[in-house]
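# Observations on chain architecture
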Amino acid sequence: MAFATYPSLSGRVAFITGGASGIGETFVEAFHAQGCKVAFVDLQADAGEALAAKLGDGAWFRRCDVTDAAALQAAIKDAAAALGPITVLINNVANDTRHPAAETTPDAWRRGLAVNLDPCFIAAVAVHPMMQAAGGGSIVNVSSINALLGPADLATYVAAKGAINSLSKTLAREWGADRIRVNALSPGWVVTPRQLELWLTPEAEAEWSKLVALKDRIQPRDIANAALFLAADDSRMMTGQNMVVDAGRT
Ligand SMILES: NC(=O)c1ccc[n+]([C@@H]2O[C@H](COP(=O)([O-])OP(=O)(O)OC[C@H]3O[C@@H](n4cnc5c(N)ncnc54)[C@H](O)[C@@H]3O)[C@@H](O)[C@H]2O)c1
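Throughout, a residue's number is its position along its own chain's written sequence, starting from 1. Only residues with pLDDT of 70 or above have their local features reported here, since the model is predicted, and side-chain atom pairs are shown and tallied only from 80 upward, although totals for entire chains, interfaces and linings are computed over all residues. Side-chain descriptors were evaluated using all non-hydrogen atoms of the structure, hydrogens and water having been removed beforehand.

### Some points on the side chain of Thr 192
This is how it is decided: We count a stretch as a helix when DSSP gives it H or I for four or more residues in a row; a strand needs E for two or more, and each element gets its number in order from the N terminus. Whether two residues touch is decided by their heavy atoms; if any such pair falls within 4.5 Å, the residues are in contact.
Inspection of the secondary structure assignment puts Thr 192 in the loop between strand 6 (180–187) and helix 8 (193–198). Apart from residues lying up to four places away in sequence, Thr 192 is in contact with Gly 22, Ile 23 and Pro 220.

### Focus on the environment of Gln 195
Our working rule: Only protein chains enter the accessibility calculation, which uses a 1.4 Å probe; a residue is then buried when its area is under 20% of its type maximum, exposed when over 50%, and partly exposed in between.
Structurally, Gln 195 is set in helix 8. Residue class for Gln 195 comes out buried when judged on its relative accessible area of 11%. Residues Gln 195 and Pro 220, 25 residues apart in the sequence, show an inter-C-alpha distance of 12 Å. Beyond its immediate sequence surroundings of up to four residues, Gln 195 is in contact with Asp 96, Trp 189, Val 190 and Leu 200.

### A few points about the environment of Gly 188
Among the structural elements, Gly 188 can be located in the loop between strand 6 and helix 8. Sequence-wise, Gly 188 and Ile 218 are 30 residues apart; in three dimensions their C-alpha atoms are separated by 7.4 Å. Setting aside its immediate chain neighbours within four residues, Gly 188 contacts Ile 145, Trp 208, Ile 218, Val 245 and Asp 246.

### Some words on the sheet that holds strand 7 (residues 242–245)
Here is the rule we go by: Between any two strands, at least two bridges found by DSSP are needed for them to pair. Axis lines are fitted to C-alpha atoms, over the contacting stretch for helices. Their N-to-C directions set the angle, which ranges from 0 to 180 degrees.
With parallel pairing, seven strands are arranged side by side in an open sheet as 3-2-1-4-5-6-7. Of all strands in the sheet, those with a lone pairing partner are strand 3 (59–63) and strand 7, marking the two edges. Shown here is a sheet whose adjacent strand axes are inclined to one another by a mean of 15 degrees, direction ignored. As judged from the five bridges shared by strand 1 (residues 13–17) and strand 2 (residues 37–42), these two strands associate in the parallel manner. The residue of strand 2 that forms the bridge with Ile 16 is Phe 40. Together, strand 4 (88–91), strand 5 (137–142) and strand 6 form the strand contacts of helix 5 (residues 118–134), whose direction differs from that of strand 4 by roughly 180 degrees. In this fold helix 7 (residues 155–175) packs onto strand 5, strand 6 and strand 7, with an angle of close to 160 degrees to the strand it touches most, strand 6.

### Observations regarding the state of the cysteines
What counts is decided by this rule: Cysteine sulfur atoms that come within 2.5 Å of each other are treated as a disulfide pair.
By the definition in use, this model includes zero disulfides. Unpaired in this structure, Cys 36 has its nearest cysteine sulfur neighbour in Cys 120, at a distance of 19 Å. Judged by its relative accessible area of 3%, Cys 36 falls in the buried class. Of the cysteine sulfurs around Cys 120, a residue in no disulfide, the closest is that of Cys 64, at 14 Å. Taking relative accessible area as the criterion, Cys 120 reaches 5% and is therefore assigned buried.

### Quick look at the packing of helix 4 (residues 106–116) against helix 7
Spelled out, the test is: Our angle categories are set so that under 35 degrees counts as roughly parallel, over 145 as roughly antiparallel, 65 to 115 as roughly perpendicular, and the remainder as oblique. Take the far helix as your reference; a near helix turned counterclockwise from it by less than a right angle gives a left-handed crossing, and one turned clockwise gives a right-handed crossing. Residue polarity follows a fixed list, in which Ala, Val, Leu, Ile, Met, Phe, Trp, Tyr, Cys and Pro are nonpolar, Asp, Glu, Lys and Arg are charged, and the others, Gly among them, are polar.
Helix 7 packs onto helix 4 with a crossing angle of 40 degrees between their chain directions and a minimal axis gap of 9 Å. The orientation of helix 4 with respect to helix 7, classified from their angle, is oblique. For the pair helix 4 and helix 7, the sense of crossing is right-handed. Seen from helix 4, the contacting residues are Ala 108, Trp 109, Gly 112, Leu 113 and Asn 116; seen from helix 7, they are Ala 155, Thr 156, Tyr 157, Ala 159, Ala 160 and Ile 164. For the contact of helix 4 with helix 7, the per-class residue count stands at eight nonpolar, three polar and no charged.

### Topic: the packing of helix 4 against helix 5
At a minimum axis distance of 4 Å, the contact between helix 4 and helix 5 shows a crossing angle of 40 degrees. Relative to helix 5, the element helix 4 is oriented oblique. In this structure, helix 4 uses Arg 110, Leu 113, Ala 114, Val 115 and Asn 116 to contact helix 5, whose residues at the interface are Asp 118, Pro 119 and Cys 120. The class makeup of the residues in the contact of helix 4 with helix 5 is five nonpolar, one polar and two charged.

### Some words on the environment of Gln 241
Summarising the element assignment, Gln 241 is placed in the loop between helix 10 (220–231) and strand 7. Here Gln 241 falls in the partly exposed class, since its relative accessible area comes to 39%. Remark: the alpha-carbon pair of Gln 241 and Val 140, spanning 101 residues in sequence, is separated by 10.0 Å. If sequence neighbours within four positions are ignored, Gln 241 has contacts with Lys 169, Val 182, Asn 183 and Ala 184.

### Some points on helix 5
Heads up, the rule is: In this analysis, the expected span of each helix is defined as 1.5 Å times one less than the number of residues it contains. To obtain the bend at a residue, axes are fitted to the seven residues ending there and to the seven starting there, and the angle between these axes is taken.
Compared with the 24 Å implied by 1.5 Å per residue over 17 residues, the 25 Å span of helix 5 between its first and last C-alpha is a close match. Along helix 5, the sharpest change in direction is near 40 degrees and occurs at His 128; proline Pro 129 comes one to four residues later. Tucked inside the fold, the buried residues of helix 5 contact helix 3 (69–83), strand 4, helix 4, strand 5, helix 7 and strand 6. Two residues or fewer past helix 5, Gly 135 is found with a positive phi of approximately 90 degrees.

Okay, here's the thing in structure tokens:
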């Protein structure tokens, strides 16, 4: 398969949360391959450092817990000082741990939103002045088709993803005059190491396969391809949308 190259991405600075593994790792690699300078944060220091070392020039990593707002803000500031003003933000981090709603304490609910929702807003506000000064930018908030489907046992995750879709719309409206675009990107079930380890059993995959139009597995690269398009000038008149990449599940 041969995928697109986007000349407008060359030299841009992208900031990606949760970039050390899973789909985030593929975002980091794909944006770097387009000639972007890529800053990314993650809890997993070893994996993040190894990825940054593998990519070499133009890659910047810091171990950061995105639930710590001050640490996330500082990482964004320091990444911009190292690489230049950030004009692409990929809010990718999430935690899809299952939990029955009736057994979820107020603290657990808050912790769920702290990882799945809050960093999207905090990072967007942190990059806003840089994008404004640069004459524009693109924010991609990674959501999920689960915001549309509402499966059980994922209450904080699903609520956060629904909020991300709405947040994308309101920020798109508020910042559009500065050519700052904000879109949600909703994957279907993507084959990542974590999904394979925890949830993607042969039975679950057979069930999924019955419900989708396209029977190939969705790979992280399929989501990265959509993120590249949303970040590039090719989508310059697209904002406030929810782009769904789900093999036709919804
Ligand atoms: N994989 C799927 O099937 C699927 C489907 C729909 C949506 N999504 C969305 O795609 C995005 C990426 O999903 P994924 O499957 O690659 O997830 P993942 O769990 O495999 O990776 C998430 C990354 O974020 C990091 N992380 C977690 N908590 C963190 C914290 N507090 N601070 C910093 N880093 C932290 C993890 O270390 C990991 O590297 C998420 O927004 C997810 O909701 C994934």
